[in-house]
Every structure is written in structure tokens, then in C-alpha cells.
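Working through the structure, step by step
Read off the chains here:
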Amino acid sequence: PSSSRRNSWWHVFVTLLSQYAISVVYIVVHSMCLMAQIVTLNVAVNSKNQSLLTLLISNNFVELKSTALKSFRVANLFQMACADAVERFQILAFLCVMLVHTDGSGEWPRLL
């Protein structure tokens, strides 16, 4: 009985540790992808050559055109609305990070 408990405890520990490791790897990769998006948006906005910004905006128009002309069920529309809200929040967060980064002083801008 004690060895089966010990094996069960060990199995739970190894499972928890492996899930934790996978979660950490996923979070790091996801964070790096988001940082790459921020850098791309920063380069697109601050570049004198507007081709990258034009490409980003045209990509949004293609996405809008492909989704606007299809018929969807109510459940699909709710999922699309939630995904759109998340994407807009991400863009707002990216723009805030860019604003703080391009401020140059390293401090938060004073509002008063």
C-alpha cells in the first residue's frame, strides 16, 4: 500500500512539473510573439517609408472583406466579436507601450 501511494504521489508530481514546464515555455514563446508584433508596429509607425504600414492596413481590409461578405450563425458572430474585442485591446496596449517607449525619457509622461 505505501509503495502504490508513493508511486501515485510521484506520478502526480511529475505530471504537475511537466505541465508547469510546458506552460512556462508557452508563455515565453507567446510573449516573444507579442513583442515581435510591438516591434513591427513600432517600425511601421516610425518609419519614413510607409510601405510596411500600408501592408498592415491593407491586411486588415482584406480580413474585413473576407468576413463581411459571409453569413454566420449567432454563436460564430459572438466568437468573432470577442476575438475582435481582444484584438482591439491588444492594439491599444501595443500603442501604449509604443508611446512609453518612444517618449525617450524612460519615465511615464506627466499628465499635469
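What counts and what doesn't
Residues numbered from 1 in each chain as written. Predicted model: local features only at pLDDT ≥ 70, side-chain atom pairs only at ≥ 80, totals over all residues. Heavy atoms only, no water. Helix = DSSP H or I, 4+ residues; strand = E, 2+ residues; numbered from the N terminus. Buried < 20%, exposed > 50% of the residue type's maximum accessible area, 1.4 Å probe, protein only. Areas by Shrake-Rupley, 256 points an atom, 1.4 Å probe, with all protein chains shown as cover. Phe/Tyr/Trp six-rings, centres within 6.5 Å; stacked < 30°, edge-to-face > 60°. pLDDT = per-residue confidence, 0-100. Contact = heavy atoms within 4.5 Å.

Points about the overall build of the protein
A count of helices and strands for the protein gives 3 helices and 0 strands. Ordered by position in the sequence, the α and β elements of the protein form the string α-α-α. By the burial criterion, 5% of the 112 residues in the protein qualify as buried. Of the roughly 10000 Å² that the protein leaves accessible, carbon and sulfur atoms contribute 69%.

Here's the deal with the packing of aromatic side chains
Tallied over the full model, the rule gives 2 aromatic pairs. Relative to phenylalanine 13, the ring of tryptophan 9 has its centre 5.7 Å away and its plane inclined at 10°; by these criteria the two rings are stacked. Residue tryptophan 9 and its partner phenylalanine 13 are located together in helix H1 (residues 2-46), separated by 4 residues, close to a single helical turn. Plain terms: the ring middles of tryptophan 10 and phenylalanine 13 are 5.7 Å apart, the flat faces sit at 35° to each other, and that makes the pair tilted. Of this pair, tryptophan 10 and phenylalanine 13 both sit in helix H1, 3 residues apart, which is roughly one turn of that helix. Grouped by ring-pair contacts, the aromatic residues Trp9, Trp10 and Phe13 constitute a single cluster.

Focus: the confidence of the model for the protein
Per-residue pLDDT for the protein averages 79, and the proportion of residues at 70 or more is 81%. The least confident element of the protein is helix H2 (residues 51-68), whose mean pLDDT is 72; the most confident is H1, at 87.

Topic: the side chain of asparagine 42
Mapped onto the elements of the fold, asparagine 42 is located in helix H1. For asparagine 42, a relative accessible area of 15% puts it in the buried group. Excluding its chain neighbours within four sequence positions, the residues that come into contact with asparagine 42 are Met98, His101 and Thr102.

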